Amino acid sequence: MRYMELLSTGFERLDRALGGGLLPDSTTLIVHETYSWGWVLGFAILKNRITAGDFGVVMNSVLPLSSLEMELKPVGLDVENLGRAGKLTVIDVFSSLLGIMYPQDFVYSLDNLSAETFVPKYEMLYRSVLKSRIGNRRPVGLDFTLDGIAFIIGEDSTIRVFQRFMALKENSRLRENRKRPVNILVVNKDRVSQRFLSWFSLYSQYVLEIQSGNGAVEKILVRKSPLVYTPRGRELKLKRKRGRIAVE
């Protein structure tokens, strides 16, 4: 049997529920509700992959950087320290649109964005980051958030943009010899249409739904995994503790 490489999320129970972990070149969609804080699971997986030696690429379209940092520090992810240590970069769509200029060299902006220019501008910037910062490390990209991009350029344009990203990724897989990336998409399902969710569920190899719980505990439902034929009933608890989150 041919060896199949699997990458750990950093949460043993979640890996088991997914069928062993994440496949290289895969996309994981994390769907949450308005009052859920479960979107931080994406950042926790990102942090764990950085600890394993990968490089983080965060595309932020919804919050000022200071607000994002405040949201993440209680779960143990320090954007500033990871960026300064050369382990993470932020492609900041939010600041690009609203004219905010950050002094940190790990924060990048995209000028004059539109649905037509999004892909070529992002690809050009990503190639620059790949050459100057990522090197031989595996890129782990996190889009925070899909609904933020949909708000900026519209749902249909976001779907078309992602289709073009998939084509670029496939061409890269065929032509380049480097560690294959992992992508994490975060979406608040209350801000987008069911049709939009349906498209991105199709495009994603893994789908995790986070349901609001009682205070520090929320529910994780594994809706889709290429390693599990019948993911129904695979239910986990996501707990927030001081300085970290846990999957139980």
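Heads up: these notes are all about the structure in this document. (Residues numbered from 1 in each chain as written. Predicted model: local features only at pLDDT ≥ 70, side-chain atom pairs only at ≥ 80, totals over all residues. Heavy atoms only, no water.)

### With respect to the overall build of the protein
- Scanning the protein for helices and strands turns up 9 helices and 10 strands.
- A globule of 248 residues ought to have a C-alpha radius of gyration of about 18 Å, and the protein, at 17 Å, matches this closely.
- Overall, the protein is about 45 × 45 × 40 Å in size when its C-alpha atoms are taken along their principal axes.
- When the 248 residues of the protein are sorted by exposure, 51% land in the buried category.
- Sequence-distant contacts, at least 24 apart, represent 68% of the contacts inside the protein between residues at least 6 apart. (Helix = DSSP H or I, 4+ residues; strand = E, 2+ residues; numbered from the N terminus. Rg over C-alpha atoms; globule rule 2.2 N^0.38 Å. Buried < 20%, exposed > 50% of the residue type's maximum accessible area, 1.4 Å probe, protein only. Contact = heavy atoms within 4.5 Å.)

### Considering the side chain of Ser95
- Relative to the helices and strands, Ser95 is located in helix 5 (residues 93-98).
- Among the residues examined, Ser95 registers a relative accessible area of 1% and is labelled buried.
- When residues no more than four places from it in sequence are discounted, the contact partners of Ser95 are Ile100, Tyr102 and Ser109.

### Here we look at the packing of helix 8 (residues 155-175) against helix 9 (residues 194-203)
- At a closest axis distance of 10 Å, the pairing of helix 8 and helix 9 adopts a crossing angle of 10°. Overall, the two elements helix 8 and helix 9 adopt an arrangement that is roughly parallel. Across the interface between the two elements, Glu155, Asp156, Thr158, Ile159, Phe162, Gln163 and Met166 of helix 8 pack against Arg195, Phe196, Trp199, Phe200 and Tyr203 of helix 9. (Axes fitted to C-alpha atoms, helices over the stretch in contact; angles between N-to-C directions. Parallel < 35°, antiparallel > 145°, perpendicular 65-115°, else oblique.)

### Considerations on the nonpolar core
- In this structure, Leu14, Leu41, Phe43 and Ile245 are the most contacted members of the largest nonpolar core, which totals 44 residues.
- For Phe43, the residues in contact, after removing those within four places along its chain, are Val58, Leu68, Leu72, Leu77, Leu142 and Phe144.
- Leu125, Leu130, Ile153 and Phe165 belong to the second largest nonpolar core, which has 21 residues in total. (Core = buried A, V, L, I, M, F, W, Y, C linked by side-chain atoms within 4.5 Å.)

### Quick look at the sheet that holds strand 5 (residues 139-144)
- Reading across from one edge, 4-3-2-5-6-1-7-8-9-10 is the order of the 10 strands in this open sheet, with mixed pairing throughout. The open sheet has two edge strands, strand 4 (107-108) and strand 10 (244-247), and neither has a second partner.
- Together, strand 2 (55-60), strand 3 (88-92), strand 4 and strand 5 form the strand contacts of helix 6 (residues 118-134), whose direction differs from that of strand 2 by roughly 155°. (Pairing = 2+ DSSP bridges.)

### Focus: a nonpolar patch on the surface
- On the surface, Leu97, Leu98, Phe151 and Ile152 cluster together to form a nonpolar patch covering roughly 440 Å² of accessible area.
- Elements with a minimum of two residues in the nonpolar patch: helix 5 and helix 7 (146-153). (Patch = residues over 30% accessible without salt bridge, like charges linked within 9 Å, V, L, I, M, F, W, Y side chains within 5 Å. Areas by Shrake-Rupley, 256 points an atom, 1.4 Å probe, with all protein chains shown as cover. Salt bridge = Lys/Arg side-chain N within 4 Å of Asp/Glu carboxyl O.)

### Quick look at the pattern of salt bridges
- Tallied over the entire structure, the rule returns 15 salt bridges.
- The partner of Asp147 in a salt bridge is Arg191, with the nearest N and O atoms 2.8 Å apart. With Asp147 in helix 7 and Arg191 in the loop between strand 6 (182-188) and helix 9, this residue pair connects regions lying 44 residues apart in the sequence.
- Of the charged contacts, one joins Arg178 and Glu176 as a salt bridge, the two residues approaching to 2.7 Å between their closest N and O atoms.
- Owing to a relative accessible area of 22%, Arg178 belongs among the partly exposed residues under this scheme.

### What to know about the packing of helix 7 against helix 8
- Orientation of helix 7 relative to helix 8, taken along the N-to-C sense of each, is 120°, at an axis distance of 7 Å. Considering only the axes of helix 7 and helix 8, their crossing is right-handed. Across the interface between the two elements, Leu146, Ile149, Ala150 and Ile153 from helix 7 touch Glu155, Ser157, Thr158 and Val161 from helix 8. (Left-handed = near helix turned anticlockwise from the far one by under 90°.)

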